[in-house]
Amino acid sequence: VFGSQAAAPATAIVISTRDVTAFTLEGVPPASGWPVGQLTVSAFLASTGRARGVQFNVTVVPTPEPIATLPTPQFGRSDTQYTLAFQIWYVEPMLNISDISSVEMATAGLDGAITLTQLEVVDLSSLNGDGTAEDDCLFADCSKFILSVRTPASNPSGDSLGGVANISVV
């Protein structure tokens, strides 16, 4: 029993001897997900009931906020077109390239004015598996993607200046 859910049979019996029985449990989360905090799990034989069973707590932690790694390459000339690759973690594992509404690059010119440039999304590759293997990622807390975007061939506001570009994915 997971939290307040109804009792369900063990998913698999791993080993059973005269002295010990080891089993795995698999619980289907509610549509809203498991509540964050302590989740009490009860295990017992149906024939003897809860009084002779065991209870233990599992800590449910929230899914981290999405993050992106530094792109590769991290450095380059401002008058050259690059395809940048980012790893993006903790987003929905079924994310599609069409779910990305925009990728913008902000750069500063000599006068300090900020220029926003829309970047072309080249590819979004899932590293989550296709959902059929046991170790495939099915939830945001384990998801990982590689997002590739293309910079413009030149950046007039930054030519010959150097500096930092900030990239936002929406």
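Residues numbered from 1 in each chain as written. Predicted model: local features only at pLDDT ≥ 70, side-chain atom pairs only at ≥ 80, totals over all residues. Heavy atoms only, no water.

## A few points about the confidence of the model for the protein chain
Part 1 of the argument: Per-residue pLDDT for the protein chain averages 82, and the proportion of residues at 70 or more is 88%.
Part 2 of the argument: Here strand β1 (residues 12–16) is the element of the protein chain with the lowest mean pLDDT, 74, and strand β10 (residues 144–150) is the one with the highest, 95. (pLDDT = per-residue confidence, 0-100. Helix = DSSP H or I, 4+ residues; strand = E, 2+ residues; numbered from the N terminus.)

## A word on the environment of Thr-72
Part 1 of the argument: Structurally, Thr-72 is set in the loop between β5 (67–68) and β6 (83–89).
Part 2 of the argument: On the accessibility criterion, Thr-72 (49% relative accessible area) is partly exposed.
Part 3 of the argument: In this structure Thr-72 touches Thr-83, Leu-84 and Ala-85, once residues within four positions along its chain are discounted. (Buried < 20%, exposed > 50% of the residue type's maximum accessible area, 1.4 Å probe, protein only. Contact = heavy atoms within 4.5 Å.)

## Focus: the pattern of salt bridges
Part 1 of the argument: Tallied over the entire structure, the rule returns one salt bridge.
Part 2 of the argument: In this structure, Glu-120 and Arg-150 form a salt bridge, with 3.0 Å as the shortest nitrogen-oxygen distance. Within this pair, whereas Glu-120 is found in strand β9 (residues 120–126), its partner Arg-150 is found in strand β10, the two being separated by 30 residues in sequence.
Part 3 of the argument: On the accessibility criterion, Glu-120 (44% relative accessible area) is partly exposed.
Part 4 of the argument: You can call Arg-150 partly exposed: its relative accessible area is 26%. (Salt bridge = Lys/Arg side-chain N within 4 Å of Asp/Glu carboxyl O.)

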